[in-house]
Each structure stands twice: as structure tokens, then as C-alpha cells.
4 protein chains.
Amino acid sequence: MGSFKGHVLPGCFFFIAGIWWTGKHSLWHATRRNKSVGSTRLASRASQRRLETAESAVIVFFSLVGMLAEQFAAGGPRLHLYDFAEKHWEQLHNWQHATMYLFFGLAGMVSLVIHATETAPLALDRLMLALAFFNEGFLFLYHLHGRNMLDIHVHQLLLYAVFGGALVSFLEIFHRGNIVLELLRCALTLLQGSWFWQIGFVLYPPRGPDWDLMDHNNAMFVTMCYSWHLAFAMLVVGVLYCTVSCVVRSRLKRTPPMEMGLLKPRERDPESEDETL
Amino acid sequence: MGSFKGHVLPGCFFFIAGIWWTGKHSLWHATRRNKSVGSTRLASRASQRRLETAESAVIVFFSLVGMLAEQFAAGGPRLHLYDFAEKHWEQLHNWQHATMYLFFGLAGMVSLVIHATETAPLALDRLMLALAFFNEGFLFLYHLHGRNMLDIHVHQLLLYAVFGGALVSFLEIFHRGNIVLELLRCALTLLQGSWFWQIGFVLYPPRGPDWDLMDHNNAMFVTMCYSWHLAFAMLVVGVLYCTVSCVVRSRLKRTPPMEMGLLKPRERDPESEDETL
Amino acid sequence: MGSFKGHVLPGCFFFIAGIWWTGKHSLWHATRRNKSVGSTRLASRASQRRLETAESAVIVFFSLVGMLAEQFAAGGPRLHLYDFAEKHWEQLHNWQHATMYLFFGLAGMVSLVIHATETAPLALDRLMLALAFFNEGFLFLYHLHGRNMLDIHVHQLLLYAVFGGALVSFLEIFHRGNIVLELLRCALTLLQGSWFWQIGFVLYPPRGPDWDLMDHNNAMFVTMCYSWHLAFAMLVVGVLYCTVSCVVRSRLKRTPPMEMGLLKPRERDPESEDETL
Amino acid sequence: MGSFKGHVLPGCFFFIAGIWWTGKHSLWHATRRNKSVGSTRLASRASQRRLETAESAVIVFFSLVGMLAEQFAAGGPRLHLYDFAEKHWEQLHNWQHATMYLFFGLAGMVSLVIHATETAPLALDRLMLALAFFNEGFLFLYHLHGRNMLDIHVHQLLLYAVFGGALVSFLEIFHRGNIVLELLRCALTLLQGSWFWQIGFVLYPPRGPDWDLMDHNNAMFVTMCYSWHLAFAMLVVGVLYCTVSCVVRSRLKRTPPMEMGLLKPRERDPESEDETL
């Protein structure tokens with residue numbers, strides 16, 4: 001039903017997405033805070049849009065790859081849904097995974113249209129992301145029937161990160177550009193990524209003995225381990241954010257001071273995190 | 001207790017409501033965005049009110065029809081609530097369905113009063129809609145005692161759309177005119193409509209063999225199917241929104257350019273979705 | 001453990017509170033909307049404060065009466081908490097009811113201090129009200145161990161109104177003076193009041209046969225009945241609101257027109273419900 | 001697995017934190033309200049930052065002490081996680097408690113960096129606090145397997161305060177400086193502290209007979225007792241707030257009146273609780 005690779009691969013997707021978003025939002029926040037020191041070269045409105053468009057295209061591409069892999073990789077259902085001869089559904093797990101990828105693909109496509117054409121409201125991209133996360137959690141929720149205790153437990157823990165990501169994305173509809181929410185979303189995405197790896201190592205240990213899936217002490221350790229993953233994700237986000245901030249500030253200091261006199265006084269307090277893009 | 005028609009009919013109501021709302025909100029959002037190009041002819045404040053009044057009247061009418069059908073159609077309780085002779089309640093399911101229609105009727109009536117007289121606060125119509133959705137979900141929640149596994153499952157899935165619609169309507173009290181929330185409500189209403197059809201086809205297949213209501217694989221397929229319905233609803237909303245936007249923009253471009261100089265500069269960024277009507 | 005009177009009395013308290021609040025908030029909203037027509041005589045800031053102070057004093061008084069009644073009425077624990085001789089707790093139900101009254105009394109006292117002295121932040125009165133409702137629901141939640149099915153069900157339904165009231169009061173901390181939230185709180189308080197009566201009539205029917213507490217059909221009827229109570233509460237709120245609005249408007253029209261010229265133009269759209277007092 | 005001391009010590013930490021926060025926020029709110037009377041000496045921006053920095057350092061210190069105590073006190077795991085010889089996890093409870101302290105330590109460290117360097121967004125400290133509370137509740141939630149009824153119940157009641165604190169801290173991200181939310185957080189922290197003591201006295205009574213952990217009446221008493229703890233916490237917060245307010249006002253009255261003429265008119269209504277620092 002599952003495999004080591006089947007958990008490590010999505011884990012990599014989410015981990016890379018988390019790293020990427022952390023860098024992106026840190027960079028934009030740093031340039032916004034230092035607006036008065038001539039940082040517009042680094043992150044102008046147009047370059048932001050180009051970046052978002054590229055990101056969306058990549059998401060669409062990987063979602064497509066994921067869907068095709070689930071369908072046509074070894075043992076996939078190859079687009080057959082129902083076996084009329086033997087009267088049973090074909091590989092429902094693969095179909096469910098493909099559906100999860102589908103929603104991320106839709107989110108990417110909508111985001112692509114929004115940032116490429118500027119005709120639709122900006123906040124739609126966060127709504128689509130929230131729906132994609134929600135759909136992932138929703139399918140996982142009804143995915144766990146009849147498995148072992150520890151198997152259910154590690155997947156239930158995953159739901160905290162998934163539904164948490166959906167909730168934070170939904171809140172971003174109303175608080176777009178709030179760096180605190182953005183970093184929280186990044187941390188939850190990283191957590192999801194690293195937890196997928198952990199699931200892979202717990203359920204399908206590549207070497208060493210299998211875990212006892214009915215031992216309550218294992219469940220307790222795994223719960224604590226989840227907290228450690230969260231702490232690790234927060235650490236990664238924190239280190240990245242600080243690095244980007246320092247680099248931006250040090251590069252801006254080296255800009256020739258002659259520009260300074262031409263600048264308008266900042267019209268907004270740089271502390272305010274609530275700026276809408 | 002239920003029938004194919006009894007699920008398809010409310011499905012049609014909700015589907016039509018979803019389509020209608022999508023068109024309405026898309027039109028208004030498009031005209032608001034293009035305010036500076038003389039679009040007020042298309043959606044003036046007065047015509048908006050007239051439209052809302054008409055919509056409310058239609059909702060009241062169909063709720064009344066629904067209530068009467070539940071009471072007086074073949075096998076209905078004809079306003080008898082308790083059979084004192086045999087000491088049992090009469091047709092509680094019909095009574096419950098009539099109660100659901102009652103709340104939508106109340107929402108329609110309040111909306112009618114608000115938009116026709118302008119004496120009550122505007123946001124009341126969203127509160128009444130939220131209560132109508134909530135009441136529908138509330139009654140469904142306690143409706144499912146003693147049914148089969150799949151029967152319970154398909155109705156529980158419906159609750160996501162119903163309570164989601166209630167929550168979004170409630171949020172609209174505070175964020176009136178936010179196009180993202182409006183489109184989300186439209187998508188959830190469409191989802192509810194198409195899912196009612198799906199329930200009808202699963203529980204009372206008009207032709208072909210019955211579904212095995214105790215098979216866990218069927219439940220898993222149905223869960224995934226719900227995601228597909230959501231994706232389909234999002235697609236319908238997206239296509240409608242884009243069509244309306246394009247039509248509005250192309251019609252506005254054909255207006256004589258001489259008007260242009262008379263227009264005040266737009267006082268608000270057309271990006272802002274938070275405009276209160 | 002309970003009695004007909006023990007449910008009807010708190011029901012009366014909540015029903016009267018609901019009626020009173022509806023009238024109060026309707027009056028203030030109507031005068032705020034018609035500010036420009038010289039309505040300040042009807043609801044000046046000072047008279048509002050006097051009204052709030054009197055209301056708080058009445059709440060404190062009735063809470064005190066309720067607490068004393070629970071302790072010293074026939075069969076009350078008379079402030080004894082533990083029977084050391086027979087090693088059991090004394091009348092925990094009465095103690096729990098007294099605790100509920102205590103929190104409403106605290107809310108009243110804080111509200112009294114706020115409105116009488118104006119030193120504390122205004123929004124504290126809504127927080128205390130939210131905590132009082134929450135505490136009531138919290139105690140009811142753990143109150144139901146070992147009872148019959150229908151007994152549990154009618155009390156669980158009550159929790160919707162109680163926790164709903166707590167949530168709406170909490171939201172009012174951030175949206176003070178929002179008439180929609182205020183009317184919703186009024187409707188939920190009325191619902192709570194009339195449902196207490198219903199509980200009394202279902203569990204301790206004053207005349208007629210007892211209800212079968214294990215019959216599932218009774219539970220289904222009672223659920224629907226709850227919806228009807230909500231519709232009834234909404235009707236009462238609606239009728240009261242319209243009456244008050246009409247009376248205020250007709251009285252203001254009779255004011256001599258000579259005042260009119262002295263009035264400043266309204267600085268806010270009367271539509272806005274978000275005015276902070 | 002637990003001990004009297006192991007519950008009393010964290011109880012003291014939380015109780016002291018609650019008292020300290022109440023004093024701090026009351027002082028700042030009082031000085032903000034009386035801004036126009038020259039209160040800046042009492043709570044200037046710089047002294048606020050110094051205070052926050054010191055507070056964060058103390059939190060980091062105590063978290064470190066707590067982690068070391070859990071690891072190296074008598075019976076601790078001394079950083080051994082898994083006993084490979086006997087194939088079981090070492091002292092998972094101590095590890096879990098250390099993890100809880102870790103998150104409060106991280107929150108303290110982030111807060112230290114924010115207030116000492118002013119490079120990161122202010123609201124991050126509330127997010128980290130919310131995550132620390134959430135993590136504590138999360139670990140407690142999966143901590144209770146296989147215990148007695150009353151043991152589970154007293155720990156579940158604790159979760160109301162813990163998750164309540166997490167929610168309020170999260171809301172403070174968006175409503176920073178709202179005195180009502182701050183006082184609510186203080187009250188919930190005090191409640192958590194005093195409830196830890198109560199758990200110690202119920203589960204490990206230092207003298208007198210043990211409680212019957214399976215008696216439902218004990219559970220009902222304990223539930224009510226929780227309400228009393230909440231009322232007590234609210235009382236403590238109320239008394240402290242009033243005391244601080246009075247002291248600040250009386251000290252400000254004694255300032256020489258000659259300053260008065262130099263002051264600008266207050267630019268904000270002192271009633272507004274929504275000021276961002």
C-alpha cells in the first residue's frame with residue numbers, strides 16, 4: 001500500500017517548497033523594511049511577479065509529474081478506475097495521491113494566471129493553497145481505515161501540519177504580507193516535509209529491524225519526535241531568515257550614499273507587518 | 001425515508017443558486033474594478049438593490065414550494081405532527097426537511113426586507129444565510145442514526161460543504177464584498193448541489209446494480225469523488241468568473257472615449273477586495 | 001437531581017435578558033443611525049452609561065439570589081461541601097449551579113465597575129460575559145454522566161446556544177457595537193431561555209404522561225424542535241428590532257425642523273455597523 | 001511516573017509568570033492611558049525594551065534549569081534515549097517534559113533576539129509563545145494513555161488553560177497591545193499554575209488519605225473546582241490591575257502642573273485598546 005520511496009519523495013517536495021518560501025518571504029520582507037535605502041532594485045514589483053509566475057509554473061510541472069508517476073509507475077492503475085470483471089476499485093491509494101497532486105496543480109495554475117495576467121484578485125492564490133492543503137488532509141483523514149496503531153498515529157500527527165498549513169494560508173487571505181504568518185506557513189511546510197521522511201523511516205525502515213507497530217511506548221516517542229521536528233523546522237526558518245536579512249542589509253549599506261538625499265521619507269513604519277503587497 | 005428525486009431536487013436548487021451567485025458576484029466585482037471606465041451603467045447601486053430584492057423573492061418562493069411539497073406531496077404528513085392513536089411521530093424526515101426550507105425562507109424574507117427598505121443593517125442577510133446553512137447541517141448531523149455505513153458517510157461528507165458555507169457566510173459579515181470569500185461560497189454551494197445528485201445516484205441508483213453500502217472500498221472511492229466534485233465546482237466558478245470579467249472588460253472598451261476625461265481619479269486601488277458595498 | 005422549577009427559573013432569567021438586550025441594542029442602533037436628526041436626547045452617552053450601570057446591578061442582584069437559592073432552598077447543601085462522616089460530596093449539582101451563577105455575578109460586577117467608573121477598558125464586560133457563558137457550558141458538559149439518552153441530548157442541544165453565546169460575546173471584544181453580532185447574541189440568549197423551558201417540559205412534564213427517554217424518534221423530534229425555538233427567537237428579535245426602529249424614527253420626525261439647520265453633516269455612513277461606542 | 005514536586009514546580013513557574021505579566025501589562029496600559037499627563041518617565045519605549053529583554057533572559061534561564069533538572073535529577077535519563085540492551089525507551093516522561101521546557105526556551109530566545117536587536121518583527125514573540133503553549137498541550141494530549149479516570153480528567157482540564165493560552169497568544173499576533181487579550185492570557189497562565197498545584201494535591205496528596213481515582217463524584221467536584229480556580233485567577237488579575245492603575249494615576253497626579261501646557265493633545269482616544277506598541 002505504501003513504500004519508503006512513496007513517503008520520501010513528497011517529503012522532498014514539501015521540504016524544498018518550505019526552504020524556497022522561507023527565502024522568498026524573508027527577502028521581500030527585508031527589502032520592504034529597508035525600502036528607504038534604495039532596495040527597490042532587489043525586489044521590484046515586476047521582478048516579484050516574474051518570480052511568482054516562475055514558482056507557479058514549477059509547481060504545476062511537479063504536480064503533473066506526481067500525477068503521472070502515481071498513474072503510470074510500476075503498479076499504478078494506468079487511468080483504470082474500476083475493474084468491471086472482478087468488481088473492485090483499482091488502486092484507490094494511487095488515485096487518492098493523484099487527487100492530492102491535482103489540487104496542488106490547480107493552485108499552481110490559478111496562481112500562474114493571477115500573477116501573469118493580474119486580472120484576478122491576488123488573494124485567490126492563498127485560497128487555492130489553503131484548499132490544496134485542506135484537500136490533502138481531508139483525504140488522509142479517511143485514508144487510515146484498518147491500519148496498525150502506530151501507522152495511524154504517525155499519519156494523524158501529519159494532519160496537524162497539513163491542516164495548520166491550510167488554516168494559515170486561509171488567514172493570509174485577510175492578512176496578506178504578514179511576515180509572521182508567512183514564516184509560520186514555511187515552518188509547517190518544512191515540518192510536513194521532514195515528517196514524511198520520518199514516516200518512511202518508521203514504517204518502512206530501509207535497514208535495521210522493523211518497529212513494533214502496536215507498542216504504546218513507540219507512539220509516545222514518535223509524538224515527542226514530532227515536537228523535535230517542529231523545533232528543527234523553526235530553527236531552519238530562523239537561520240534562513242536571519243541570513244537573508246543580514247545579507248540584504250549589508251548589501252544595501254554598500255550602495256553609494258548619494259542616492260540617499262533623493263529618497264522620500266518612508267511613509268509607513270517599517271515595523272508594520274500588515275502591509276498588503 | 002429518502003428517494004432519488006428527494007436528493008436531486010435540492011441538488012438542482014443549490015446548483016442553480018451557486019451558478020447565479022457566481023455570475024452576480026463576478027459581474028459586480030468586474031464593474032467595481034473597472035469603475036473608472038464608466039461602468040456604472042452596468043451595475044449601479046439601484047440596479048444592484050433591485051436584483052437583490054428579486055433574488056430574495058425567488059428564494060422565498062422556492063422555500064415555500066419546498067415546504068409545501070414536503071408536507072403535501074405523496075406520503076407527506078399534511079401538517080400532522082403526532083399520531084395520538086398509535087403514539088408515534090408522523091414522518092419526522094419530511095418535517096425536518098420542511099424546517100430546513102423554513103430557514104432558507106426566513107433568510108430570503110429578511111434579505112427582501114433589507115434590500116427593499118434599507119432600514120436594517122446590510123450584513124444581516126449574510127447572518128441569516130449562515131444560520132440557514134448551519135441549521136441545515138445541524139439537522140443532518142442528527143439525521144443519520146441507524147443507517148448503513150456508506151449512507152452515513154456520504155451525508156457526513158455533505159456536512160463539509162454545508163458547514164463550510166455557513167462559516168464563509170459568517171465571515172462575510174465582517175468582510176462584505178470580499179470577492180475571494182464570495183467565490184468560495186459559490187464553489188461550496190455548487191459542491192453541495194452536485195453532491196446531492198451524487199448521493200441520489202449512490203443510494204438510489206436509477207438503473208444498474210445497488211452499491212454495497214458496507215464496503216469500505218466504496219467509502220474510500222466516495223471520499224475521493226468528493227474531492228473531484230470540489231475541483232469541478234472550482235472549475236465552474238473559475239470559468240464563469242473569467243467569462244464575465246472578459247465580457248465586462250470588452251464591453252467597457254467599446255464605450256466612447258470622450259467620457260474618460262470627465263472621470264475622477266479612482267480613489268481606491270482596484271486590487272482591494274475588501275470594499276464594503 | 002433536577003426539577004421542573006429548576007429549569008423554568010433560569011429559563012425566565014435568560015428570556016428576560018434576551019428581550020432586554022434586544023430592546024437596548026435596537027434603541028441604540030436606531031438612535032445612532034438617525035444621529036443627524038437630533039436623536040441625542042434619546043440616547044446620550046451619559047444615559048447609556050447609567051442604563052448599563054443599572055443593568056449590571058440587576059444582574060449582580062439576581063446572581064446573588066440564584067446562588068443563595070441553590071444553597072439554602074429546600075434540599076440545598078447550606079454551604080457544606082463534604083460530608084466527612086459518610087465520605088461523600090454534598091449536593092454537587094447545587095454547588096455547580098451556584099458556580100454558574102457566580103460567574104454571571106462576576107461579569108455583572110466587572111461591568112458595574114467599568115460603566116460606573118470608566119477606568120477599565122470597555123471591552124472587558126464582553127470578555128466576562130463570554131467567560132460566564134463558557135463556564136456555564138463547560139460545567140454542563142461534565143454534568144451529564146450516567147443519564148438517559150434523551151436527557152443527555154436535550155442538554156447537549158442547549159450547549160449550542162451557550163457556547164454560541166460565548167463565541168459571539170468574545171467576537172464582540174473586537175467588533176464592539178456591531179449590531180449584527182449583538183442581535184445574534186440576543187437571539188441565542190432567547191433560545192437558551194426558551195430551551196430551558198422545553199427541557200423542563202420534556203424531562204419533568206407537569207401534567208400528561210412521561211416521555212420515553214430512550215426512544216430515538218423523540219430525540220429526532222426534539223432536535224427539530226430546537227430549530228423551531230431558534231426560528232422563534234429570531235422572530236422575536238426581528239419584531240422587537242423593527243418596532244423599536246419605527247418608534248424611534250416616527251418620534252424623531254415629530255421634532256421641530258428648526259434644529260435641522262444647526263446639525264453638522266453626518267461624518268459616517270449610517271450603514272456602517274462597526275462603530276465603536 | 002509523576003510526583004507531588006513535579007507538579008508543584010511548574011505550577012510555581014506559571015503562577016509567577018502570570019503575576020509578572022499582569023503587573024507588566026497593567027503598568028503599560030495605565031501609562032498609555034495617561035499619556036497626556038507626562039507618564040513617559042514611567043514606561044518609555046527604551047525601558048520597555050530593556051524590561052522585555054530581561055524577562056526573556058529569565059525565561060531562557062529557567063527553561064534551561066528545567067531541562068537539566070528533568071535530565072539529570074534523580075531518576076532522569078541523563079541524555080540516554082534508548083536502551084539498546086533491553087530494547088526500551090528511557091524515561092520518556094522526562095524527555096517529554098524536557099521537550100516542553102525546550103519550546104519555552106526557544107520562545108524566550110527568539111523574544112530576546114527581537115527585543116535586543118529590533119531586527120525581527122515584533123509579533124514573532126507571541127507566535128513563539130503560542131507555539132510553546134500549543135506544544136505543551138499537544139504533548140499532554142498524548143501523555144495520558146492507560147491512566148486512571150480522575151488522573152486523565154485533571155490533566156484534560158489543564159488542556160483548556162493551555163490551549164486557551166495558545167489561542168489568545170495567537171490572536172495577539174493580530175491584536176498586539178489589546179489589554180483585554182493580555183489580561184485573559186495572564187488569567188489563563190495563573191489558572192494553569194494553580195491547577196498544577198491542584199493536580200499535585202489530588203494525585204499525590206502530601207498528607208491525608210488518597211483520592212479514589214475511579215469515583216465519578218470526585219471527577220464532578222474536580223470539574224467545579226476548576227471553575228473556582230478560574231474565578232480565583234480572574235480575581236487576582238483584577239485586583240492587581242486595579243492596584244497598578246490606581247498607583248500610576250496617583251503618582252502622575254503629583255507631577256508638577258507646569259508640564260501640562262507643553263503637551264500635545266492626545267492623538268488617540270485613551271479608550272482604544274488596539275494600539276500597536
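Computed from a predicted model, the values in this text were never measured in an experiment.

1. Re the overall build of chain A
Inference 1: In terms of helices and strands, chain A carries seven helices and two strands.
Inference 2: What you see in chain A, going N to C, is helices and strands ordered as α-α-β-β-α-α-α-α-α.
Inference 3: Expressed as a percentage of the 277 residues in chain A, the buried residues total 53%.
Inference 4: Here the analysis covers contacts within chain A between residues at least 6 apart in sequence; of these, 77% occur between residues at least 24 apart.

2. Here's the deal with the interface of chain B and chain A
Inference 1: Each partner contributes residues to the interface: chain B has 30 residues there, and chain A has 31 residues.
Inference 2: Connecting chain B to chain A are zero salt bridges.
Inference 3: On the surface where chain B and chain A come into contact, there are five residue pairs in polar contact (both at pLDDT 80 or more).
Inference 4: Every element with two or more residues in the side of chain B that touches chain A is listed here: α1 (4-33), α5 (149-174), α6 (179-203) and α7 (216-253) of chain B.
Inference 5: In terms of residue count, the dominant contributor to the side of chain B that touches chain A is α7 of chain B (15 residues).
Inference 6: Across the side of chain B that touches chain A, the residue classes break down as 17 nonpolar, nine polar and four charged.

3. Focus: the packing of aromatic side chains
Inference 1: Counting across every chain of the model gives 100 aromatic pairs over all chains.
Inference 2: Their ring planes at 15° and their centres at 6.3 Å tell us that Phe134 of chain B and Phe138 of chain B sit as a pair that is stacked. With Phe134 of chain B and Phe138 of chain B both in helix α4 (residues 124-141), this residue pair falls four residues apart, about one helical turn.
Inference 3: Residue class for Phe134 of chain B comes out partly exposed when judged on its relative accessible area of 30%.
Inference 4: Here a set of aromatic residues connected by ring pairs shows up, and it is made of Tyr82, Phe84, Trp89 and Trp95 of chain A together with Trp211, Phe221 and Trp228 of chain B.
Inference 5: Above the face of the Trp21 of chain A ring, Arg185 of chain A is positioned so that its terminal group lies 4.8 Å from the ring centre.

4. Remarks on the relation of the copies chain B and chain A
Between the two copies of the chain lies a rotation about an axis combined with a shift along it.
Inference 1: Mapping chain B onto chain A calls for a screw motion: a turn of 90° about the axis and a shift of 0.0 Å along it, with 0.0 Å RMSD after fitting. The superposition of one copy onto the other is thereby described by a four-fold rotation axis. The rotation axis passes nearest to the C-alpha of Phe174 of chain B in chain B, at a distance of 7.7 Å.

5. Focus on the UniProt feature "transmembrane region" (unreviewed entry) in chain A
Residues and elements named next belong to chain A.
Inference 1: The positions that UniProt labels "transmembrane region" (unreviewed entry) are, in the present scheme, residues 6-23, 57-75, 95-115, 127-145, 157-174, 186-206 and 226-248.
Inference 2: In residues 127-145, helix accounts for 79% and strand for 0%; the two terminal C-alpha atoms are 29 Å from one another.
Inference 3: Span residues 226-248 is 100% helix and 0% strand, its end C-alpha atoms 33 Å apart.

6. Some remarks on the pattern of salt bridges
Inference 1: All chains considered together, the criterion is met by 28 salt bridges over all chains.
Inference 2: Among the salt bridges present, the one from Arg185 of chain C reaches Glu172 of chain C, with a minimum N-O distance of 2.4 Å. Here Glu172 of chain C lies in helix α5 (residues 149-174) and Arg185 of chain C lies in helix α6 (residues 179-203), a separation of 13 residues in the sequence. The residues Arg185 of chain C and Glu172 of chain C share a single accessibility class, namely buried.
Inference 3: Linked through salt bridges whose partners overlap, the residues forming this network are Asp125, Arg126, Glu172, Arg176 and Arg185 of chain A.

Cut-off values and rules
Residues numbered from 1 in each chain as written. Chains lettered and ligands numbered in written order. Predicted model: local features only at pLDDT ≥ 70, side-chain atom pairs only at ≥ 80, totals over all residues. Heavy atoms only, no water. Helix = DSSP H or I, 4+ residues; strand = E, 2+ residues; numbered from the N terminus. Buried < 20%, exposed > 50% of the residue type's maximum accessible area, 1.4 Å probe, protein only. Contact = heavy atoms within 4.5 Å. Salt bridge = Lys/Arg side-chain N within 4 Å of Asp/Glu carboxyl O. Polar contact = N/O pair within 3.5 Å; in protein donor to acceptor, adjacent residues only side chain to side chain. Nonpolar A, V, L, I, M, F, W, Y, C, P; charged D, E, K, R; others polar. Phe/Tyr/Trp six-rings, centres within 6.5 Å; stacked < 30°, edge-to-face > 60°. Lys NZ or Arg CZ within 6 Å of the ring centre and 35° of its normal. Least-squares fit on C-alpha atoms with pLDDT ≥ 70 in both. UniProt positions renumbered as here; feature names shortened; annotations may be inferred.

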